[in-house]
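Architecture at a glance
Each chain is listed here by its residues.
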Amino acid sequence: MGTLRVGSAEAEPGALAHGAIRVGSLADGSEVNVPVVLVNGASEGRRVFLQAAVHGVEVNPIESVRRVIAELDPAELSGQVVVVTPANPLGFRHHDRHNITDGEDVNRVWPGAADGGLAQRIAYAIYEEAVRGSDLVVDLHTGFSTMITHTVFAEGDPASEQLARCFGTEYLIMEEQDEDWERARFSGKLRNVANAEGIPAITPELGGHSKFEGNQIQSGVMGITNVLAQYGFLRGDVVVPHRQIVIRNHLTRVTADEGGIFVATVRPGQEVWETQELGYIYTPGNFEIVETVRAPFDAVVVYHAEDPVVSTGDTLVNLGRRKR
Ligand SMILES: [Zn+2]
């Protein structure tokens, strides 16, 4: 196994290196670079690509990856670990989910374009330099504090399902490709683009954004460590829950008909039946209940709104169907 090169980073076998992938520059001449950390194992093995903060506000996974890398001894590693974080450097700098120059969601434009807008060029640079040549892709995200910790994989991709199961979250979401999926531009997610090229890929969702949540960071550490053990990078046991619950899709949103303050009466992960109450909305001026919100079908609660202040049309609860 020779020297590992990604962007400006070069790691000899048995060594760790830092560097950057250059994307371009801003109006004031400052560089747009994507940072990269390489751990090149002393012995042969697979290559795993770990990414965090492609949405600029998703900090928990950065800390998870940092803790894992801090404990990694390249001399003990078989294979190569390629880390890119923050994968959306301008969004990260401005506490923004999107790329700030074009307002684009970098996780809808994979595999990017060499001659595209800046978000597309960020994706293109990362894809060409760091994703290509990888055997596994773990694209770490966060959603809400009021969401189940889960790992997403594509339906009909058993290699990705195996990767998702070994990451070890209690809940797994199996993503089906339907019209909603197409409309939400999910074909431009890194995970789906990697899958299309035959690379097993998963999206762990570890808690909320813009704040550290200790248990979520620890879930990330456990998950990455499990992947390294399962795929032969490190010696060690894979620790997964006795029971993992698979939910089909996560695009069903229950929305508000009336505005007000939403009080959820269910918790993330709870199984609910058709017509069961999910919560209610009241008017803050007079405390009058203006809407009782009910489940449209038997489901598992994936998340409920983090911010209780809602207007007509806002998402209140996100539901998935449990796979039996
Ligand atoms: Zn995200």
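Residues numbered from 1 in each chain as written. Predicted model: local features only at pLDDT ≥ 70, side-chain atom pairs only at ≥ 80, totals over all residues. Heavy atoms only, no water.

**Structural notes on the overall build of the protein**
Scanning the protein from terminus to terminus reveals seven helices and 18 strands. Relative to the globule expectation of 20 Å for 324 residues, the C-alpha radius of gyration of the protein, 20 Å, shows essentially globular dimensions. Out of the 324 residues in the protein, the part that is buried amounts to 52%. In the protein, of all internal contacts separated by at least 6 residues, the share reaching a separation of at least 24 is 68%. Within the protein, one finds 27 positive and 44 negative side-chain charges whose respective centroids are separated by 3 Å. (Helix = DSSP H or I, 4+ residues; strand = E, 2+ residues; numbered from the N terminus. Rg over C-alpha atoms; globule rule 2.2 N^0.38 Å. Buried < 20%, exposed > 50% of the residue type's maximum accessible area, 1.4 Å probe, protein only. Contact = heavy atoms within 4.5 Å. Lys, Arg positive; Asp, Glu negative; His and termini not counted. Charge placed at Lys NZ, Arg CZ, Asp CG, Glu CD.)

**Some words on the coordination of the zinc ion**
The coordination sphere of the zinc ion contains the protein donors H55 (ND1), E58 (OE), E58 (OE) and H141 (ND1), at a distance range of 2.0 to 2.5 Å. All donors of the zinc ion come from a single chain, and their spacing in sequence reads H-x2-E-x82-H. Considered together, H55 and E58 belong to a single accessibility category, that of buried residues. (Donors = N, O, S within 2.8 Å, 3.2 Å for Na, K, Ca; no water.)

**Some remarks on the packing of aromatic side chains**
All chains considered together, the criterion is met by three aromatic pairs. Consider the rings of Y282 and F287, whose centres lie 6.2 Å apart with planes at 65°: the pair is edge-to-face. Residue Y282 is classed as partly exposed on the basis of its relative accessible area, which comes to 21%. The ring of F186 is capped by K189, whose NZ or CZ atom sits 3.6 Å from the centre of that ring. Over the aromatic face of F297 sits the side chain of R321, whose NZ or CZ is 3.9 Å from the ring centroid. (Phe/Tyr/Trp six-rings, centres within 6.5 Å; stacked < 30°, edge-to-face > 60°. Lys NZ or Arg CZ within 6 Å of the ring centre and 35° of its normal.)

**A word on the pairing of strand β4 (residues 31-40)**
A regular strand carries its side chains on alternate faces of the sheet. Burial analysis of β4 places seven of its 10 residues in the buried class, the great majority of the element. Sheet topology note: the strand β3 (residues 15-25)/β4 ladder contains 10 bridges and is antiparallel. Counterpart to A20 in the pairing with β4 is P35. Linking β3 to β4, which pair antiparallel, is a turn of five residues; within it G29 sits at a positive phi near 90°. Where β4 and strand β6 (residues 78-84) come together, five bridges link them in antiparallel fashion. When the bridges of β6 are listed, N40 appears paired with Q80. (Pairing = 2+ DSSP bridges.)

**Quick look at the sheet that holds strand β14 (residues 277-282)**
Strand order in the open sheet formed by four strands is β15-β14-β12-β17, with antiparallel pairing between adjacent strands. Of all strands in the sheet, those with a lone pairing partner are β15 (289-294) and β17 (309-310), marking the two edges.

**Focus on the sheet that holds strand β10 (residues 201-205)**
As a general point, the strands of a sheet are linked pairwise by backbone hydrogen bonds and lie either parallel or antiparallel. Ordered in space as β3-β4-β6-β5-β7-β10-β8-β9-β11-β18-β16-β13, the 12 strands form an open sheet in which the pairing is mixed. The sheet terminates laterally at β3 and β13 (271-272), the two strands that pair on one side only. Where β13 and strand β16 (residues 299-304) come together, two bridges link them in antiparallel fashion. Of the residues in β16, the one forming a bridge with V272 is A299.

**A few points about the domain arrangement of the protein**
When the domains of the protein are assigned, the result is domain 1 (4-243) and domain 2 (251-322). Placing the centre of domain 1 and that of domain 2 at their C-alpha centroids yields a distance of 31 Å. Taken together, the contacts link 13 residues of domain 1 with 10 residues of domain 2. Carbon and sulfur atoms supply 66% of the area buried between domain 1 and domain 2, which totals about 950 Å² over both sides. A per-residue breakdown of the area domain 1 buries against domain 2 is headed by F144, T146 and I148, which together make up 51% of the total. Our count for the domain 1 to domain 2 interface comes out at one salt bridge. Close ionic contact of E306 with K211 constitutes a salt bridge, the shortest N to O distance being 3.7 Å. (Domains from an automatic or database assignment. Buried area = accessible area lost by both parts, 1.4 Å probe. Salt bridge = Lys/Arg side-chain N within 4 Å of Asp/Glu carboxyl O.)

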